[in-house]
Amino acid sequence: MEIKNLTPKTICGVPYTALPVATLVSANTNIPMVVRRKEKKEYGTGRMVEGTFDNGASCLIIEDVITTGSSILETAKVFVFLTYSVAPIRTKVQR
């Protein structure tokens, strides 16, 4: 699997339907994956993003189906808030 012109340090699937696709990309590229929660839990770590990441690291956000793009933007906002660098949004349409 090739990720053209991108050098992300982490991969994140948009919760929750894109997690299997992101898992496959992560496994095939050896790029670590993080998981974003849809909502912050009041117990456990209480974090919105689970996994190991460095501030300022670039993250490739993966979505399985794009209609309006709002799910990707919601995910990107969380990562920008956490001082991540979000990879440029690209889409692939196959119908």
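Scope of this entry: the structure provided in the associated data block. Please read these numbers as outputs of a predicted model, since none were measured by experiment.

## As for the environment of Leu6
Part 1 of the argument: Take Leu6: it is sitting in the segment before strand S1 (10-13).
Part 2 of the argument: Separated by 81 residues in sequence, Leu6 and Ala87 have C-alpha atoms that sit 7.5 Å apart.

## Brief notes about the pairing of strand S2 (residues 33-36)
Part 1 of the argument: Because side chains alternate across S2, one face comprises the buried residues Val34 and Arg36, and the other comprises Met33 and Val35, none of which is buried.
Part 2 of the argument: Looking at chain direction, S1 and S2 are connected through three bridges and run parallel. Among the inter-strand pairings, Ile11 is bridged to a residue of S2, identified as Met33.
Part 3 of the argument: Pairing of S2 with strand S3 (residues 49-50), which is carried by two bridges, proceeds in the antiparallel orientation.

## Structural notes on the state of the cysteines
Part 1 of the argument: Under the defined criterion, the tally for this structure stands at zero disulfides.
Part 2 of the argument: This cysteine, Cys12, is not joined by any disulfide, and Cys59 carries the nearest cysteine sulfur, 5.3 Å off.
Part 3 of the argument: When its relative accessible area of 0% is taken as the criterion, Cys12 is described as buried.
Part 4 of the argument: Taking relative accessible area as the criterion, Cys59 reaches 0% and is therefore assigned buried.

## As for the packing of aromatic side chains
Pairs of aromatic rings are described using the distance from one ring centre to the other and the angle between the two planes.
Part 1 of the argument: Within this structure, the stated rule accounts for two aromatic pairs.
Part 2 of the argument: Seen from their ring centres, Phe53 and Tyr84 are 4.9 Å apart, and the 40° between their planes marks the pair as tilted. In this pair, Phe53 sits in the loop between S3 and strand S4 (58-62) while Tyr84 sits in the loop between helix H2 (70-81) and strand S5 (85-86), placing the two residues 31 residues apart along the sequence.
Part 3 of the argument: Given the relative accessible area of 6%, Tyr84 is considered buried.
Part 4 of the argument: Summarising the aromatic geometry, the rings of Phe79 and Tyr84 are spaced 4.7 Å apart at their centres and angled 85° between planes, so their arrangement reads as edge-to-face. Each member of the pair, Phe79 as well as Tyr84, carries the same accessibility label: buried.

## Thoughts on H2
Part 1 of the argument: Across its twelve residues, H2 extends 16 Å between first and last C-alpha, which sits within 8% of the 16 Å expected from 1.5 Å per residue.
Part 2 of the argument: Restricting attention to buried positions, one finds in H2 the residues Ile72, Thr75, Ala76, Val78 and Phe79. Each buried residue of H2 lies within a common arc of 155° when the element is viewed along its axis, so the set occupies one face. In H2, the exposed residues that point more than 90 degrees away from the buried face are Lys77, Val80 and Phe81.
Part 3 of the argument: Buried residues in H2 make contact with S1, S2, S3, S4 and S5.
Part 4 of the argument: In the segment just after H2, Thr83 is the residue with positive phi, at about 65°.

## Concerning unusual backbone geometry
Part 1 of the argument: The linkage connecting Pro15 with the following residue, Tyr16, adopts the cis geometry, with an omega of -15°.
Part 2 of the argument: Following the sequence through the fold, Tyr16 ends up in the loop between S1 and helix H1 (19-29).

Rules of the game
- Residues numbered from 1 in each chain as written.
- Predicted model: local features only at pLDDT ≥ 70, side-chain atom pairs only at ≥ 80, totals over all residues.
- Heavy atoms only, no water.
- Helix = DSSP H or I, 4+ residues; strand = E, 2+ residues; numbered from the N terminus.
- Buried < 20%, exposed > 50% of the residue type's maximum accessible area, 1.4 Å probe, protein only.
- Pairing = 2+ DSSP bridges.
- Disulfide = S-S within 2.5 Å.
- Phe/Tyr/Trp six-rings, centres within 6.5 Å; stacked < 30°, edge-to-face > 60°.
- Expected span 1.5 Å × (residues − 1).
- Arc of directions from axis to C-beta.
- Contact = heavy atoms within 4.5 Å.

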